[in-house]
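Take a look at the letters that make up each chain.
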Amino acid sequence: MCYIDPMIDTQQNILRGHDRFEQFVIPALKQNGWGGIWQNMCGTDLDRFYGIDYMYNNVPIAARIWDGTPKQHFAIRWYNTMYPESKYELTKLIVSAANNTQMPKRTIEAHTYNGKTYIAICHTAQLVDIINTHHPELPQFLVKNKRGDWAVFVRISFDLFPPDAIQKYIV
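Residues numbered from 1 in each chain as written. Predicted model: local features only at pLDDT ≥ 70, side-chain atom pairs only at ≥ 80, totals over all residues. Heavy atoms only, no water.

## Quick notes on unusual backbone geometry
Argument step 1. For the bond from histidine 135 to proline 136, the omega torsion is 15°, close enough to zero to count as cis.
Argument step 2. Within the secondary structure layout, proline 136 lies in the loop between helix H4 (124-134) and strand E7 (140-144).
Argument step 3. Despite not being glycine, asparagine 58 has its phi angle at roughly 70°, a positive value.
Argument step 4. Within the secondary structure, asparagine 58 is located in the loop between strand E2 (54-56) and strand E3 (59-67).
Argument step 5. Positive phi values are uncommon outside glycine, yet aspartate 164 reaches one of about 65°.
Argument step 6. As for its position among the elements, aspartate 164 is in the loop between strand E8 (150-157) and strand E9 (167-170). (Helix = DSSP H or I, 4+ residues; strand = E, 2+ residues; numbered from the N terminus.)

## Brief notes about the packing of helix H3 (residues 89-99) against H4
Argument step 1. Where H3 meets H4, the axes come as close as 10 Å, and the angle between the chain directions of the two elements is 100°. Put simply, H3 runs roughly perpendicular to H4. Taking contact as the criterion, the partners of Leu90, Leu93, Ile94 and Ala97 in H3 are, on H4, Thr124, Leu127, Val128, Ile131 and Asn132. (Axes fitted to C-alpha atoms, helices over the stretch in contact; angles between N-to-C directions. Parallel < 35°, antiparallel > 145°, perpendicular 65-115°, else oblique. Contact = heavy atoms within 4.5 Å.)

## Here we look at H4
Argument step 1. Every buried residue of H4 is listed here: Thr124, Leu127, Val128, Ile130 and Ile131. Down the axis, H4 shows its buried residues gathered within 160° of arc, on one side only. (Buried < 20%, exposed > 50% of the residue type's maximum accessible area, 1.4 Å probe, protein only. Arc of directions from axis to C-beta.)

## Looking at the nonpolar core
Argument step 1. Judged by nonpolar contacts, the single largest core of 18 residues is most densely connected at Phe74, Ile76, Leu127, Ile131, Ile156, Phe161 and Ile166.
Argument step 2. Secondary-structure elements contributing two or more residues to this core are strand E4 (73-80), H3, strand E6 (116-123), H4 and E8.
Argument step 3. With 4 residues, the single largest contributor to this core is H4.
Argument step 4. With near-sequence residues (within four places) excluded, phenylalanine 161 lies in contact with Phe74, Cys122, Gln126, Leu127, Ile130, Ile156 and Ile166. (Core = buried A, V, L, I, M, F, W, Y, C linked by side-chain atoms within 4.5 Å.)

## What to know about the confidence of the model for the protein chain
Argument step 1. Residue-level pLDDT values for the protein chain average 91, and 94% of them are 70 or greater.
Argument step 2. Taken together, the stretch residues 1-8 has pLDDT below 50 and engages in 11 contacts with residues farther than four places along the chain or on a different chain. (pLDDT = per-residue confidence, 0-100.)

## Topic: the pattern of salt bridges
Argument step 1. Applying the stated criterion across every chain yields a total of 6 salt bridges.
Argument step 2. Among the salt bridges present, the one from glutamate 89 reaches arginine 77, with a minimum N-O distance of 3.0 Å. Highlighted residues: glutamate 89 in helix H3 and arginine 77 in strand E4, separated in sequence by 12 residues.
Argument step 3. By relative accessible area, which is 23% here, glutamate 89 ends up partly exposed.
Argument step 4. Here the salt bridges do not stand alone but share partners, grouping Arg16, Arg20 and Asp67 into one network. (Salt bridge = Lys/Arg side-chain N within 4 Å of Asp/Glu carboxyl O.)

What follows is the structure in structure tokens.
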């Protein structure tokens, strides 16, 4: 587990996400051929600067887990209304791809719902290509933070990917 100031609600949510990813997603993936070594990058430079949440056998992974009904899209945080100048996942991905610097090789989006874990995995480079092609016209949604501000996410529909580009698991 990574240490981030537990007094900050956003940071608590990050820790909860990592805990839930390790509780639900990693075991499900291990049952489906992803049985290698998973290393949590929370709080490291790889996490802060490049959006890498895990290393899987030295493959950098971006990860997100949601509670609730599974969606047919990847969700990438664009900005926060309280800190619009801060760089979140979307900006980091676009900049990293343009500069050919470190970035996740795979992106994993998961949902827990009715006792099951729904997992979608794509190549991050394909995700970035779709973002570059369609943003800012991609649909957005808001998530209200406990402190009253909003996180703005962009939806990247599974329909925008080539057939068979997304690995899906339901466990």
